[in-house]
Amino acid sequence: MIGLEVYLAVIMLISLILYMLTGGADFGGGVWDLFAIGPRAKTQRDIIHHALAPIWEANHVWLIVIVVLLFVAFPVAFATIGTALHIPLTLMLIGIVLRGTAFVFRTYDDQSERVHLRWSRLFAIASIITPIMLGIALGAIASGTINADPETAIVDTDFVSSWLKPFPFAIGLFTLTICAMLAAVYLTLETDDVAIQEDFRLRALIATISVGVMACISFLLSTNGAPAIRAGLGNSYWSIPFHIVTGLIAILGIWSIWSRQFKLARIVIPIQVTLIILGWGFAQYPNLVAPNLTFSNTAAPDSVLKPVLIIILCGGILLIPAFWYLYKVFKGRSLTE
Amino acid sequence: MEDLLVARFQMAMSLGFHIIFACVGIAMPLLMVIAEGMWLKTGDNTYLTLAKRWSKGTAIMFAVGAVSGTVLSFELGLLWPTFMAYAGPIIGMPFSLEGLAFFIEAIFLGIYLYGWERVPRKIHWMSGIMVLLGGTFSGIFVVTANAWMNTPVGFSIVDGKVTDIDPIAAMLNPSSFTQALHMTLAAFMAVAFAVAGIHAYFLRREPQNQFHRKAFAIALCVGAIVSILQPISGDISAKRLAKYQPIKLAAMEGQWETVRGAPLRIGGIPDEDNEVTRYALEIPKALSFLANFDPNSEIMGLKDVPRENRPPVAIVHFAFQIMVACGIVMIVAGILGGWLAWRKKGIPTQEWYLKFITICSPLGFIAIEAGWTVTEVGRQPWIIYNIMKTKDAVTSMPNLIIPFIGFTILYLFLSVVVVILLRRQIFYE
C-alpha cells in the first residue's frame, strides 16, 4: 500500500506547479515591467498591473500552502531547509515583501510619473530577486549536499556552501526565465491592442528560448551539481519518453507563439512548465533533502497526515469553485473569446 | 548581542508588525460589509462611497499583512527549526486550516476590491462576508497554534520522542477558546476604535458631514458592542491562567509569594532581585476573587519556581497594566457612547466626546501589542510551556543580527510608507 506521505508529496508537488503557473507568472510580470521599453512602455506596464492586481494575493497563498505542508508533514526537512538555506530564503522573503508592498504602494501613492516609476522599479527588481532565490533554494535541495540526521534533525552545514555554487544559481535563473515566459504568454491575451500583443509575443519568444538555454545549462551543470537528479533524468525507464514528450511540447510551444496561436500557447507553455517540474520531482523521489532525508523517513505519523489530507480534500472542494469564479470574473474575457 | 536574544527580537518584531495588518484584515471587512449592506438596504449612496473608501485603505493594509505573514511562516523554520521539527506535526492541524482560510480570504478580497463593476451587487456583498469569515477564521486558527505553546496537549513523550499525536486534541487545547476569543474581540475593538477616532477627528471640523457621520456611527457601534464583551473574555482568560499557567499570572500581577487572599495590584514596580513589588495600589483579595471566584483562594507566587524558570516579571507586569488601562478607557468610551446615543436618540457628536474618541484611536492597537507581550514574554523561558525552552529551539545559524537589522529597516520603511499612504487616502481623496 502507498504510504500517506506519498500523497502529501504529490500534493506538495502539485502545489508547487500551481504556484509556478500562477504566482510564478506574477513574478514574470515584474520582469516585463522592468523591460517595458519603447513607445508603448507605459501601456505595457498598465496591462501588467491590471492583469496582476485582483489575483496576485490569492496566487501567492500557494507558497504558504507548500511551507505549511512541509512543516506539518515533513518537519525535519523543514527544519533542515530553514537552517541550511537561511540566507537565500531570507533574501527571498525580503523580495516577497518588497514585491507585494511596492505593487500596492504604486497604486495608492502619488500618481506622478516620477513616484510611479520609482515604485515600479522596486516592484520589478523584487519580482526578479524572489524567483531567483526560490530557484537557488530548490537547486540546493536538489543538489544533494545538505547533510542532516533524520532522527535528531541536526544539520551539518556552514550555511553557505550548499547553495553558493553554479548549479543552484543556474536553477535560480532557470526559474526566473520560466516565470518570464509564463507571464509573456499570458500577457498576449490581456490586450486587444495588436501592437502590444506583438510586444509580448516578442518577449514570449525571447523568454522561451532563454528557458531552453537555461534548461540545457542546468542539465549540463547537474552532472557535478546534482548527480542524483542527473541520473534520475537520464537513466530511468521513463527518461526517454519523458524527454521526447517535453521536447515536442517545447517545440509546439515556440511554434504556437511564433504563429500567433496565443490561445494554444497559453495551454502548451504551462504544460511544458508542468513537465519540467514533474521531471525534477520524479528524478528526486524518494529523496526530499538528499542525501539523508527521504519523504518516508521525515514523514509525520499517520495520525497527523490523515486529518491534513482530509482538510486538503475538503479545502479543494471549497477552493476549486472559488478560484474558478475569481479567474472567470477577471480573466473570463481572455479565457473564453 | 547573543543570537538567541536577536532571534527573539526578530520574531517579536515580525509578529508585532504583522499583527496590526492582520487585525485590519480581520475587522475592516466587517465595517465594509455593514456599510455596503446599508447601501443595498437604503439605496443611500453615501454608504457606497464609504464602503469603497474603506476598501482602499484595506487593500494597502491587507497586502502588507499578507507578505509579513509569509515572512512569519518561514521564520518559524529560519529561527526556530528545533521547535518546528518537534511541534510542526502537532500544531499542523490549525496551520493547515489557516492556509485554507487564508486562501478564501485572498480569493474573495480580490473579487471584493476589484469586482465592484464586474459582479452582481449581492455577490459582491457576499464576497465581503467571505473575506470577513476567511480573515476571522485564519486569525482564530493561528491563535490556536499559539495557545498550544501555552498549554501543550495532544501527544505523549516516550524516551524524548513525540508519539501518540492527536492533532485535534492539540488544536482544542485548554487555552484555545479563551485566547482566540480574546484576540478576535481585540482585533474588532482596536480597528473599530481606530476608524471611529479618524472619523471623529473629521466630524469636529465638519459636524454635518454625512459621510463622516455614517462612518463614525458604524465604527463606534461595533467598537462599543465589542468593548462590553471584551472584559468578560478577559475574565475567562485570567481564570484559565490561574489554572494552567499560574506563573504567568503571578508575573502579570507581580505576585511573589504563594498566598491565600492575594490582592490585585494597580501599578507598582516589580523588583526581581529582591523579589518584591513596590509602590502598587493593592486591592485586598481581589486577585484571588477574580481568578477563582473565591476571595480566600490560593494564588501561586513566582517564588514557587526557580529563578531560571521565571519570566521577566517587570516586562510582563507593565505590559499587562498597559493592556488593562487601554481596555478600560475603551470600555468607558463604549458605554458612554451608548448612553449618549440613547439620550440623544442619535449619533453622539458632542465636541468633547468626539475629542475623547479621537484620543482613543490608537489604544486598541497599543493594547494588542501589550497583550501579546504579556502572553509571549510571560511564557518564557519556555517556547513550549514546561516542555521545551526557547534557548533549545533556536537555530544554529550565526550572525542573526544581520537579518534582524535588515528586517528592522525594511519594516520601518514600510511603516513610514503605509502611514503616508493612509494619510493620502484619508485627507486628500
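Rules behind the numbers
Residues numbered from 1 in each chain as written. Chains lettered and ligands numbered in written order. Predicted model: local features only at pLDDT ≥ 70, side-chain atom pairs only at ≥ 80, totals over all residues. Heavy atoms only, no water. Salt bridge = Lys/Arg side-chain N within 4 Å of Asp/Glu carboxyl O. Helix = DSSP H or I, 4+ residues; strand = E, 2+ residues; numbered from the N terminus. Buried < 20%, exposed > 50% of the residue type's maximum accessible area, 1.4 Å probe, protein only. Lys, Arg positive; Asp, Glu negative; His and termini not counted. Contact = heavy atoms within 4.5 Å. Axes fitted to C-alpha atoms, helices over the stretch in contact; angles between N-to-C directions. Parallel < 35°, antiparallel > 145°, perpendicular 65-115°, else oblique. Left-handed = near helix turned anticlockwise from the far one by under 90°. Nonpolar A, V, L, I, M, F, W, Y, C, P; charged D, E, K, R; others polar. Patch = residues over 30% accessible without salt bridge, like charges linked within 9 Å, V, L, I, M, F, W, Y side chains within 5 Å. Areas by Shrake-Rupley, 256 points an atom, 1.4 Å probe, with all protein chains shown as cover.

1. Quick word on the pattern of salt bridges
- According to the stated counting rule, one finds 19 salt bridges over all chains in the structure shown.
- Glu-198 of chain A is paired through a salt bridge with Arg-260 of chain A; the nearest N and O atoms lie 2.6 Å apart. Note that Glu-198 of chain A is positioned in helix H8 (residues 194-225) and Arg-260 of chain A in the loop between helix H10 (239-258) and helix H11 (262-284), a separation of 62 residues in sequence.
- The class for Glu-198 of chain A is partly exposed, based on a relative accessible area of 26%.
- The shortest N-O distance in the salt bridge between Glu-376 of chain B and Arg-379 of chain B comes to 2.8 Å.

2. Here we look at the side chain of Glu-105 of chain B
- Examined against the element boundaries, Glu-105 of chain B turns out to sit in helix H4 (residues 92-114).
- Buried charge Glu-105 of chain B goes without a salt bridge, the closest partner of opposite sign being Arg-99 of chain A at 16 Å.
- Those residues within four positions of Glu-105 of chain B in sequence are excluded, and the remaining contacts are Gly-25, Phe-62, Val-131, Gly-134, Gly-135 and Ser-138 of chain B.

3. Quick word on the packing of H8 of chain A against H10 of chain A
All names here are of chain A.
- Interaxial distance between H8 and H10 falls to 9 Å at its minimum, and their mutual angle equals 160 degrees. Here H8 is positioned roughly antiparallel relative to H10, judged by the angle of their axes. Remark: the crossing between H8 and H10 carries left-handed chirality. Of the residues in H10, those in contact with Arg-201, Ala-204, Leu-205 and Thr-208 of H8 are Ile-254, Ile-257 and Trp-258.
- Residue composition of the contact of H8 with H10, grouped by class: 5 nonpolar, 1 polar and 1 charged.

4. Quick notes on a nonpolar patch on the surface
Residues and elements named next belong to chain A.
- A grouping of Ile-209, Val-213, Ile-217, Leu-221 and Ile-254 is seen on the molecular surface, where their side chains present a nonpolar patch of about 370 Å² in accessible area.
- No other element matches the 4 residues that H8 contributes to the nonpolar patch.
- Along the polypeptide, Ile-217 turns up in helix H8.

5. Re the packing of helix H1 (residues 3-42) of chain B against helix H8 (residues 210-244) of chain B
All names here are of chain B.
- Where H1 contacts H8, the axes come no closer than 10 Å and their chain directions differ by 130 degrees. For the element pair H1 / H8, the angle class is oblique. H1 and H8 meet at a crossing whose hand is right-handed. Every residue of H8 that contacts H1 at Leu-30, Leu-31, Ile-34 and Ala-35 is listed here: Ile-218, Ala-219 and Val-222.
- In terms of residue class, the contact of H1 with H8 is made up of 7 nonpolar, no polar and no charged.

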